[in-house]
Amino acid sequence: MFGSPISWRGDGKYFATLSEMSNSSSLNKRLKVWERDAGAVHASSEPKELMGSILEWMPSGAKIAAVCDRKAEKEGPSIVFYERNGLERNSFHIVEPVDATVELLKWNCSSDLLAAVVRSGNYDSVKIWFFSNNHWYLKHEIKYPRKDGVRFMWDLTKSQQLICWTLGGQVTVYKFIWVTAVMDDSTALVIDDSKILVTPLSLSLIPPPMYLFSLNFPSAVREIAFYSMNGKNRLAALLSNGCLCVAELPTPDTWEELEGKEFSVEPCVSAMPLGSFVHLIWLDSHILLAVSHHGFNHSNCSFQTSSSEDRLLGFYLQEIELACSEDNVPGLLTCSGWHAKVCYQNLLEGLVMGIAPNPAKKCSAFVQFDGGEVFEYTSKLGINRRDLKHDEISFSSSCPWMNVVLVGVPEPSKLLPFGLDDMGRLHVGRRILCSNCSSFSFYFNLADNVITHLILTTKQDLLFIVDINDILYGDLELTYENFIQAGSKRREEENINFINIWERGAKIVGVLHGEEAAVILQTNRGNLECIYPRKLVLASIVNALNQRRFRDALLMVRRHRIDFNVIVDYCGLQVFIQLASEFVRQVNNLNYITEFVCAIKNENLTQTLYKKFLSPPSCKEQKDLQTNDFKGSDASLDANSKVSSVLLAIKRALEEQVPESPARELCILTTLARSDPPALEEALERVKVIRAMELLGSDDPRRMNCPSAEEALKHLLWLSDSEAVFEAALGLYDLNLAAIVALNSQRDPKEFLPFLQELEHMPILLMCYNIDLKLHRFEKALKHIVSAGDAHFADCMNLVKKNPQLFPLGLQLITDPTKRGQVLEAWGDHLCDEKCFEDAAATYLCCSSLQKALKAYRECGNWSGVLTVAGLIKLEKDEVMQLAHELCEELQALGKPGEAAKIALEYCGDINAGINLLISARDWEEALRVAFLQSREDLVSEVKNASLECASSLIDEYKEGLEKVGKYLARYLAVRQRRLLLAAKLRTEERSINDLDDDTDSEASSTFSGMSVYTTGYMFCLVFVICVAL
């Protein structure tokens, strides 16, 4: 008990020990958990063959790790995990020989990595495991010669920093980072000891540790690099023993045949040691670029130190040329026969933080040194430190995660360097894009492989989709709220720039590009989750539309439940109508076309629902959408006619592109039923044709290409309101069709049969008349009732009287003069009721109803018309004189003394009354003319006196008005001056007008209360000045 190991829990409340069984000859040991305060045994485990005195309690307190000896089973040791209650939770085996021993076992400070020193043969291995999805992965292995007696410790604050030292005094600090091995073609590569688990996520979202097939290597894998371009898929892997392995994979479309298989990969043949790689990428299909280090004990354990290696010490940037002596068989892996040769080697003066391939230049890459400086490397030429663009692609600090992407569609393209540092700052060159980033990736269209969107997650568990154009030209702080403030607005539905990640700590591991438009997240538990951000989905749909791939766009719309209208609205109404035939030809699926037709509505979604997701097409995209045939299209199409225009174009395209079939006929009926307004009568006409062919019983081939009349009618009733279809059938004047519609719409026969039977017994014209009345088609009803004959003229008159808009049509249809007169007189009566007396009088004159015309003219005050009609009636002179006197009095009462004067002079002969009326009208010139004409000096004098009196009155009014204006102006200037002084005083005291004390308000109120009769005007002026001052 005294010599047993002790491991304390992180909070110091419990500690664990290993104790041997006292009454047993076996090597079984028991784990005991003790309470610190009481000193009592809290729990103990079942006896087990535990190796040595190694015991390590996880800092988080969840597990206690120990080593189990499995020599009895002729296997290497295993790591066993216990809970605080002494129960064994799980374990995993160490893939080593039977004689292997575990010398040291340590958890890192965050409890997610477990490291151990495993001694086997002539070397000691520092192995690092990671637990995910209920599986322990060996993620890294560092081999040292056994004589070095390597030991290690984890940094107490930095969870991914490991410090190793040897007996010879060599101290090495390893700083690990997590690198997601999901390639641009969505191939996921997972390192697990000496295996690489390969899964094409585009075929199936298989979470690790499951996989499609695996590659087995002679030793544990440390570094990998994947190349996929021009139909070639190659994988390079550096092993812990210093060997380099290369495998060529077949094309992904044949990978399904490899399911569940395991392939062994042989090491490359190399004439000299390659060193231990820190970074590894492909420059071309046969050239690797690596950063290797030489001269350390762990650099190359498997090779004997040679004279050539003795000369190498430090870090080197080296090109490795690969060649395969075996022929590649299509559909099979090439796992052997590879030869590696170092063709270029350059000593590095600083520490390399990362390497990224140059997407704009072949056999080129960007190398980032410690501090963030980035330089371009060119094959066989080395690093160009004199590059003028060096500052544009460098970072302001070291970024372990680095990527360089090509943006711009298609010309001019531009390189953008992205880097993520340890602080969570995402750099774009020397500019910091986001200060709380946890992971990032990119999305591009497969057509041009140009990056269009940046995808990043933040430490607040938000997923942002950032348009590259926003990075280049937009205001990111305003649009994306610095990627921080949006976290407080998660419930705002209007913010579409981020997605709330449902599980804390999830990170981006891959993106499915092109039409898939998916983001793959991995949670802390290890599960994979695939989401389809609306912004990426719409971007892929837009890309398909720009390339006129209508079928692909429609399939994406259906798959992701996007509104079908986006296809029409993004292309533009006129362009889509012109391309409707191509749309139908590509889709080539009547069910899909029917779905599309039923979804069309009079709304431009690019301006409403998807306004924030979609940007207007660029010049090139707009040019791609336009066609030469479009020049003759109708430019007068209205947005409100979108439904009718699109469905009409689809209908024509169906008739031209799709051969006759029952499904095509139903689709055409759908376009008619969903039009705005619905073209139900045209649809029913097509049903009538089908029904007629059925009744004839002919062997017409067209009959075989049409659905049954009942099926077509039920389809129409399913799409439209049954009452509207019934009325449309009545409108065709086909009672049998109307009855069939009523029966198929499950209407009660008691409701429609009596009405149809009544119509059936009527003459055809009267039947049509009654149907038109029921359907409120009054123009057709009038035509039918007029055609029915004179016996129904009374019905005709009743119809036009109830519907006055029919009077013009009635006059066109009725030719008999007497009946036309009756219609005109009825029209005049209607106009009189509407107070349109001028029009009524003209109408009465057309039908010679002079008395009514006289009355109408008199009602509207048209005295000339009244006297004209009086002449037509041939009234006596006395009657005309009396009528003139009455009109004169009426005009005076209406305030028209000038017109009354004309009647008095011309019809009544009363000169004195006429002159007085002209004076009242202030028509001085006409009054003088009449007075001189009659040679009446007394009247001339009367006119002069009246004019002088009028002039004097006007002058007095002018003077009074001038005086009022002066008072108004003086008051306005005084108030304005006072307001200006008050505003100046407030500015000097630096306080607002709302801070005025009650005394000032009281003074102002007292001033306003003493106003004169111009108070209203002054108040208006004062309010205006206050508004200007504020």
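Anything mentioned here points back to the structure above.
This write-up is about the structure you can find in this document. (Residues numbered from 1 in each chain as written. Predicted model: local features only at pLDDT ≥ 70, side-chain atom pairs only at ≥ 80, totals over all residues. Heavy atoms only, no water.)

1. Re the packing of helix α9 (residues 590-599) against helix α11 (residues 642-657)
Next up, step 1: Across the interface, α9 lies against α11 with an axial gap of 11 Å and an inter-helix angle of 165°. Compared by their axis directions, α9 and α11 come out roughly antiparallel. Seen along the crossing, α9 lies across α11 with a hand that is left-handed. Of α11, the residues touching α9 (which contributes L590, I593, F596 and V597) are V646, L647, I650 and L654.
Next up, step 2: Counted by class, the contact of α9 with α11 contains eight nonpolar, no polar and no charged residues. (Axes fitted to C-alpha atoms, helices over the stretch in contact; angles between N-to-C directions. Helix = DSSP H or I, 4+ residues; strand = E, 2+ residues; numbered from the N terminus. Parallel < 35°, antiparallel > 145°, perpendicular 65-115°, else oblique. Left-handed = near helix turned anticlockwise from the far one by under 90°. Contact = heavy atoms within 4.5 Å. Nonpolar A, V, L, I, M, F, W, Y, C, P; charged D, E, K, R; others polar.)

2. Structural notes on the packing of helix α16 (residues 722-731) against helix α17 (residues 735-744)
Next up, step 1: Taken N-terminus to C-terminus, the directions of α16 and α17 make an angle of 170°; their axes are 8 Å apart at the nearest point. With respect to α17, the element α16 is oriented roughly antiparallel. On α17, the residues touching V725, F726, A729 and L730 of α16 are L735, L737, A738, V741 and A742.
Next up, step 2: When its residues are assigned to classes, the contact of α16 with α17 shows nine nonpolar, no polar and no charged.

3. Points about the pairing of strand β42 (residues 528-531)
Next up, step 1: Bridge analysis of strand β41 (residues 518-522) against β42 gives four bridges, and the strand direction is antiparallel. Bridging from a neighbouring strand, I520 pairs with C530 of β42.
Next up, step 2: Connecting β41 to the next strand, β42, in antiparallel fashion are five residues, including G526 with a positive phi near 105°. (Pairing = 2+ DSSP bridges.)

4. Some points on the sheet that holds strand β18 (residues 213-216)
Next up, step 1: An order of β16-β17-β18-β22 is seen for the four strands of this open sheet, with the pairing classed as mixed. In this open sheet, the two strands that pair with only one neighbour each are β16 (187-192) and β22 (262-264). With strand direction ignored, the average angle separating the axes of adjacent strands in the sheet is 25°.
Next up, step 2: Examined bridge by bridge, β16 and strand β17 (residues 195-200) share six bridges and lie antiparallel to one another. Residue pairing in the sheet places A188 in a bridge with T199 of β17.

5. Quick look at the pairing of strand β37 (residues 451-458)
Next up, step 1: Taken across its eight residues, β37 has eight buried, putting it largely inside the fold.
Next up, step 2: As paired elements, strand β36 (residues 437-444) and β37 share seven bridges and run antiparallel to each other. Along β37, the bridge assignment pairs C437 with T458.
Next up, step 3: What sits between the antiparallel neighbours β36 and β37 is a turn of six residues, in which N449 has the positive phi angle 55°.
Next up, step 4: Pairing of β37 with strand β38 (residues 462-467), which is carried by five bridges, proceeds in the antiparallel orientation. Residue H453 lies in a different strand from β38, and its bridge partner there is D467.
Next up, step 5: Here β37 folds back onto β38, and the loop between the two strands holds three residues, one of which, D461, carries a positive phi near 60°. (Buried < 20%, exposed > 50% of the residue type's maximum accessible area, 1.4 Å probe, protein only.)

6. Looking at the sheet that holds strand β10 (residues 113-120)
Next up, step 1: If you trace the four strands from one edge of the open sheet to the other, you get β9-β10-β11-β12, paired in antiparallel fashion. Where the open sheet ends on each side, the last strands, each with one partner, are β9 (101-107) and β12 (135-145). Here the average twist between neighbouring strands, direction ignored, is 20°.

So far we have only geometry, and geometry alone does not tell us how the molecule works.
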